[in-house]
Amino acid sequence: MQAHTRLANGTETQTEWNAIDWRKANRTVRNLRQRIFRATQEGNLKKVHSLQKLMLKSYSNRLVSVRRVTQMNAGRKTPGMDKLVIKTPEARGKMVDMLAQYSCWKAKPTRRVYIPKANNTSRPLGIPVVMDRCLQAMIKNALEPAWEAKFEGANYGFRPGRSCHDALEKIYGLARPNKTKKWILDADIKGAFDAISHEYLLKTIGPVPGKELIKQWLKAGYIEEEVFHATEQGTPQGGVVSPLLLNVALHGMEAALGIKYNCRGELIGKRAVVRYADDFVCFCETREDAKRAQSILTDWLKERGLTLSEEKTRIVHLTEGFDFLGFNVRLYPTPHTSRTGWKLLIKPSKGSVQQVRKKLKNLWEKAQGTNVQAVVGKLNPVIRGWANYFRIAVAKETFSSLDRWMYQKEDHYIRHAHPRKTQSWRHQRYWGQLHLERKDSWVFGDKQTGAYLLKFSWFPIERHTLVKGTASPDDPSLKSYWMERQAAKAKDLTFSKQKLAKRQQGQCPQCGESLFNEEELQVHHLQARAQGGKNSYSNLVLVHLLCHQHIHAASKRAVSDCQEFNNQGLLAEERKPDQCSKHKE
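As annotated in an unreviewed UniProt entry, the protein carries the name Group II intron reverse transcriptase/maturase and comes from Ktedonospora formicarum.

A. Structural detail: the sheet that holds strand β3 (residues 183–188). Taken in spatial order, the four strands make up an open sheet running β8-β9-β3-β10, and their pairing is antiparallel. Two strands bound the open sheet, and with one partner strand each, they are β8 (271–276) and β10 (314–317). Direction aside, the axes of adjacent strands within the sheet are offset by 20 degrees on average.

B. Up close: the packing of helix α13 (residues 350–367) against helix α15 (residues 396–417). One can describe the packing of α13 onto α15 by two numbers: an axis separation of 11 Å at closest approach and a directional angle of 20 degrees. With respect to α15, the axis of α13 lies roughly parallel. Viewed along their axes, α13 and α15 form a crossing whose handedness is right-handed. Between α13 and α15, the contacting residues are Val353, Val356, Arg357, Leu360, Lys361, Trp364 and Ala367 on the first element and Thr398, Ser401, Leu402, Trp405, Met406, Lys409, Glu410 and Tyr413 on the second.

C. The packing of helix α1 (residues 22–41) against helix α3 (residues 59–72), seen in detail. Between α1 and α3, whose axes approach to 8 Å, the crossing angle comes to 105 degrees. Classed by the angle they form, the pair α1 and α3 counts as roughly perpendicular. Here α1 contributes Trp22, Lys24, Ala25, Asn26, Thr28 and Val29 to the contact with α3, which in turn contributes Ser60, Asn61, Leu63, Val64 and Arg67. Tallied by class, the residues present in the contact of α1 with α3 amount to five nonpolar, four polar and two charged.

D. Focus on the side chain of His317. Locating His317 in the fold gives a position in strand β10. Side-chain polar atoms of His317 contact the side chain of Thr319, separated by 3.0 Å. Once residues lying within four places of it in the same chain are set aside, the contact partners of His317 are Lys182 and Trp183.

E. Examining the state of the cysteines more closely. Counted by the stated rule, this structure contains zero disulfides. Left without a disulfide partner, Cys508 is nearest to the cysteine sulfur of Cys547, which lies 3.7 Å away.

F. Focus on the pairing of strand β16 (residues 521–525). The element β16 is largely enclosed, with a buried count of five among its five residues. By the bridge criterion, five bridges tie β16 to strand β17 (residues 540–544) in an arrangement that is antiparallel. Note on β17: the bridge partner recorded for His524 is Val541.

G. Structural detail: the pattern of salt bridges. Enumeration over the complete set of coordinates arrives at 14 salt bridges. Between Glu513 and Arg30 there is a salt bridge, and its shortest N-O distance comes to 2.4 Å. With a gap of 483 residues between them, Glu513 in the loop between α18 (495–503) and β16 and Arg30 in helix α1 connect regions that are remote in the sequence. For Arg30, a relative accessible area of 34% translates into the label partly exposed. A salt bridge links Arg415 to Asp411; the nearest nitrogen and oxygen atoms lie 2.7 Å apart. Highlighted residues: Arg415 and Asp411, both in helix α15, separated by four residues, approximately one helical turn. Residue classification places Asp411 among the buried positions, given a relative accessible area of 12%. What you see here is one network of salt bridges that share partners, running through Arg33, Glu144 and Asp474.

H. Inspection of the side chain of Gln52 at higher detail. Inspection of the secondary structure assignment puts Gln52 in helix α2 (residues 45–57). Excluding its chain neighbours within four sequence positions, the residues that come into contact with Gln52 are Ile36, Ala142, Leu143, Ala146, Val208 and Pro209.

I. Summary view of helix α9 (residues 211–219). Those residues of α9 lying buried are Leu213, Ile214, Trp217 and Leu218. Seen along its axis, α9 keeps its buried residues to an arc of 140 degrees; they face one direction. Taken from the residues just after α9, Gly221 is the one with a positive phi, measuring 80 degrees.

J. Examining the environment of Glu311 more closely. Of note, Glu311 is situated in the loop between α12 (287–302) and β10. Between the alpha carbons of Glu311 and Gln510 there is a distance of 50 Å; along the sequence they are 199 residues apart.

K. Region of interest: unusual backbone geometry. If you check the backbone angles, Lys83 has positive phi at about 60 degrees while not being a glycine. For Lys83, the position within the fold is in the loop between α3 and α4 (89–98). Phi angles above zero are rare outside glycine, and Leu325 is one such case at about 55 degrees. On the secondary structure map, Leu325 appears in the loop between β11 (322–324) and β12 (327–333). By relative accessible area, Leu325 is classed as buried at 18%.

Conventions and cut-offs
What you see as residue numbers is a count from 1 along each chain, following the sequence as written. With the structure being a predicted model, the display of local features is reserved for residues of pLDDT at least 70 and the display and counting of side-chain atom pairs for 80 or more, all residues being used for whole-chain, interface and lining totals. Only hydrogens and water are removed before side-chain values are computed, so all heavy atoms of the structure are retained for them. For two strands to pair, DSSP has to find at least two bridges joining them. Helical segments are the DSSP runs of H or I of at least four residues, strand segments are the runs of E of at least two, and each set is numbered from the N terminus. Where helices are involved, their axes are fitted lines through C-alpha atoms of the stretch in contact, as for all axes, and angles between N-to-C directions lie from 0 to 180°. What sets the label is the angle itself: under 35 degrees gives roughly parallel, over 145 gives roughly antiparallel, 65 to 115 gives roughly perpendicular, and the rest give oblique. Here a crossing is called left-handed whenever its near helix is offset anticlockwise from the far helix by less than a right angle, and right-handed whenever the offset is clockwise. Note on contacts: a residue pair is in contact if any heavy atoms of the two residues lie within 4.5 Å. Note on residue classes: Ala, Val, Leu, Ile, Met, Phe, Trp, Tyr, Cys and Pro are nonpolar, Asp, Glu, Lys and Arg are charged, and everything else, Gly too, is polar. Contacts described as polar in this section are N or O atom pairs within 3.5 Å, which, within protein, must combine one atom able to donate a hydrogen with one able to accept it, while residues neighboring in sequence count only if both atoms come from side chains. In this description, the term disulfide denotes a pair of cysteine sulfurs within 2.5 Å. Think of it in three bands: residues with accessible area under 20% of the maximum for their type are buried, residues over 50% are exposed, and the middle band is partly exposed, with areas taken using a 1.4 Å probe on protein chains only. Whenever a carboxyl oxygen of Asp or Glu lies within 4 Å of a side-chain nitrogen of Lys or Arg, that contact is scored as a salt bridge. Summarising the geometry, the arc corresponds to the directions from the helix axis toward the C-beta atoms.

Following this line, the structure appears as structure tokens:
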């Protein structure tokens, strides 16, 4: 990794982005996070603060933070009020050097934008400028490990190593028919990000390094239609550090409800709670106790400047069911097939099914007049993403229903493209056994290239493995545990990439980090195709997009040498690499 040196005239050399040793940078940040986590567990606050200062001064932390903000985060292409977006290696290197002067930086107001919500309303987002986002990522790396050592196990939102699926699996364990907590407080915090008390948040954070910057971000205000608005409460939903601040504000919910665990980590008591960000459900044994829990939480949230949403908060019995994170959780009567007379089913909610149909319908409408390859390229990512998310539930019937609906859309698309052709001609031209590993003659696609449309029913139902108690990736004693969990995420990839990921044990051979860090993945040819390299598994590795660019920059090979294969993969995602070359020949 290029050193950050100062020349004789006082100027600093610019970081050479393509020459960075990412293995060293990631290892340095990971080790610092683990040391902060361990010191917090030991209760050594002096050491925690010292390590947090070291993290904020760390050159590696600057590198990793700029990479996350400018190349990995979903909003990397969204500008703040300064309309600046960083896209080039030179600009990233310059940003790394500018961050060294953060001590004299003054936070700028965020840019207010609105995104549509499922209930036909809009959610306000505050988009900070890129410099502020990078600084927030740096401070998050300093603060998050300390809070990871404190957070409750029932908190699953916006935390490393945890997901919606963990929250659903926890609910599955609590809602089974043989359990006693069948009354549910299904609650939602009203405008959580926009209403958090600044005073409470700053008091809870305490005298930590970077606190003054956090205070600036909270008080920076926002710009909407070129008019400045002050912010006396809330944290901008769109900031890198905002999810962590929300979790900090809501920490202690289990303690407030009197929820306790024994020495083995088993739940004891008459209540349980599962929280994902500002959505949570509280399990109680009686309706009266659920009402008491609601009263307790109302007072507890008031101190934080928050309230429960009257429209979205209700008390229901498990036999009525409730929706959570896109799933419906409900006990169904089965008097003749189970000992308890009831069976718990977690299914995709009706709203989730309607949303994906609406999204796919819009894509089909936009696809009219385009070729089949373009259709496959647009629809397959949506199908894969939705199926991978809901495959942990009882979704087989839903998947089959969606496949039947998709066939109607396929047929309509082809009728529009070839109105004068017979039905048998259309079927022979666009349907067939295109998936070579499945005996399915009704796969829609392009027979010339082999590209085909995925089916929801091809994604097998798989139970998710719940994360252990309060386990955190920052805990150095759980290194092997987290490596196994990360490697299991390979099932969400295409079949060909799954094989590569499993062979690499879920790690990127270039940077040594997990493949599943939210960054785009690409296939790299070890031996260039121009030099006789083939599209065979022995000549392929799976790497992050940025790592792929670095490999080619160092070897001065054109990225297009591999890009043709990756582009083919977008269109015919399920074919094996050797099959790609066979079709090309």
